[in-house]
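# Tertiary structure, described
One-letter residues, chain by chain:
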Amino acid sequence: MKIFDFAGGERIDIKKMLEEREPASYGKYEEVVADILEAVKSKGDEAVFGYTKQFDGADLDADTIKVTEDEFRNAYGKSDPGLIEIIKKAKIRIYDYHMKQKQFSWFDTDDDGTILGQKVTPMQRVGVYVPGGKAVYTSSVLMDVLPAVVAGVPEIYIVTPPGPDGTINPDVLVAADICGVKDVFKVGGAQAVAALAFGTESIPKVDKIVGPGNIFVALAKKSVYGHVSIDAIAGPSEVLVVADETANPVFVAADMLSQAEHDELASAVLVSTDKALAQKVEEELYRQTALLPRKDIAEKSLESFGAIIIVDKMEDALRIVNDIAPEHLEVCTKSPFELLPFIKNAGAIFMGDYTPEPIGDYMAGPNHVLPTNGTAKFFSPLSVDDFVKKSSILSFNRQSMLKLAKDVVAFAEAENLTAHANSVRVRMEEEKES
């Protein structure tokens, strides 16, 4: 972990450093992903079973690829009872938060008879990718599924990588069951994305695919966009902490490591107006990293994509924040809410010393599926809006149409779209002809 004293004239191009983590830059994997997508598209289940055997070591078929009722029931016996209760508590908080996002159809009627409105309709089928591999992401089930449940999506399908014995982590199954999802398929990787995008004999084609995954999943989602909708192309996790002299260096270091332990491409950056704090955080990072079971991952993350930046004033720190547009932003200052109006680009904003990023990952309520790699400049956290479609509604009678008719004809003729103009003109002349 390096300290860069911007106040003293040092510089590092943080954006350029972080861009090296962008999923779109991993061109060497694209050919492999393209081959998998094409195989699943043309061969369906056969390709899915083959890749599942090749990559996950699980020998599955049409009778075993879907989780059974018995497997759901058995999962409760294998999960820790305390964790099950925590999952139920988290579900309530996440569900309640997303209920506040829900939008409804509306109509507005003018005195002349014009009716304008918007019809909000949930998507019919949604596919949720739940990662496996280096860690168990039970929380991803809650975060990806519950906004769809609130939106009213009637068909929700989960895909997740199986173990070599063909089983799914019991905590994942418990979370799915608590959220009301019974359609869980034992398939991961690019082949799972392909199955959801194109459909196979066993796995239905969906309208949208959501959920984070590794580089193969990210590139697969990118490739099938257009055949289906996707939430985003998720990149490695990241946190940026803004701190002044009042921040607790133990807290700051711990929060940075909570992201660095995700994987080697994760990023943890501190921007501080206080040089003494920065030095204490650096010391804490070394001390706390040595105690982590995932020490090797955290060390590589901090070495490659971690930084501590010292700035003259808070305005400089906010400029860096808005330029980087971090996935997670922690504001550990004396008066964090005073800075909130000046924060323009961030996926989730954690205010104050006692709002660590992990509380948002699990229990707070807001969604933890967030824009990464600077995309918080134009993307938002996963929400209920991601699972609905909005249709405009227009209704005019003859009187209200005639009020706009001449303007519409003139507008259309100015664009040389004479058939557009005629579509209105024939209605203007209707009364004369009668």
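Preceding block: the structure.
First, a word on scope: everything that follows refers to the structure included in this document. Every chain is numbered on its own, with residues counted from 1 as its sequence reads. Local features in a predicted model are, by the rule used here, given only for residues with pLDDT of at least 70; side-chain atom pairs are given and counted only at 80 or more, and totals for whole chains, interfaces and linings are based on all residues. With hydrogens and water set aside, each side-chain value is computed from the structure's full complement of heavy atoms.

## Focus on the nonpolar core
Inside soluble globular proteins, nonpolar side chains tend to come together where they are buried. Basically, it comes down to this: What is meant by a nonpolar core is a set of buried Ala, Val, Leu, Ile, Met, Phe, Trp, Tyr and Cys residues, joined one to another through side-chain atoms within 4.5 Å. Each residue is placed in one exposure class: buried if its accessible area under a 1.4 Å probe, protein chains only, is under 20% of its type's maximum, exposed if it is over 50%, and partly exposed if it falls in between. Helix and strand definitions here come from DSSP, where helices need a minimum of 4 consecutive H or I residues and strands a minimum of 2 consecutive E residues; each element is numbered from the N-terminal end. The contact criterion used is simple: two residues touch if any of their non-hydrogen atoms lie within 4.5 Å.
Core analysis: the biggest nonpolar cluster contains 39 residues, and Val128, Val141, Leu142, Val145, Ile158 and Phe387 have the highest contact counts within it. Secondary structure elements with two or more residues in this core: α4 (69-78), α5 (81-99), β4 (125-129), α6 (138-151), β5 (155-160) and α7 (170-178). Among the elements that take part in this core, α6 stands out by supplying eight residues, more than any other. With residues near it in sequence (within four places) discarded, Ile158 still touches Val128, Val130, Val141, Val145, Ala176, Val181, Asp183, Val184 and Phe185. The next biggest cluster of nonpolar side chains, apart from the first, holds 32 residues, and it includes Ala39, Val48, Ala192 and Ile215.

## What to know about the pairing of β5
Basically, it comes down to this: We call two strands paired when DSSP finds no fewer than two bridges between them.
Most of β5 is tucked away: six of the six residues are buried. Residues Glu155, Tyr157 and Val159 point to one face of β5 and Ile156, Ile158 and Thr160 to the other, with burial holding for every one of them. Relative to β5, β4 runs parallel, the two sharing five bridges. Its bridge partner being in β5, Val126 is matched across the sheet by Ile156.

## Focus on helix α3 (residues 45-56)
We count it as follows: Take the number of residues in a helix, subtract one, and multiply by 1.5 Å to get its expected span.
Along its twelve residues, α3 runs 16 Å from first to last C-alpha, staying within 8% of the 16 Å computed at 1.5 Å per residue. Restricting attention to buried positions, one finds in α3 the residues Asp45, Ala47, Val48, Phe49, Tyr51, Thr52 and Asp56. Structurally, α3 contributes buried residues whose contacts are with α2 (30-43), β6 (183-186) and α8 (189-198). Immediately downstream of α3, the backbone of Gly57 shows phi near 75 degrees, a positive value.

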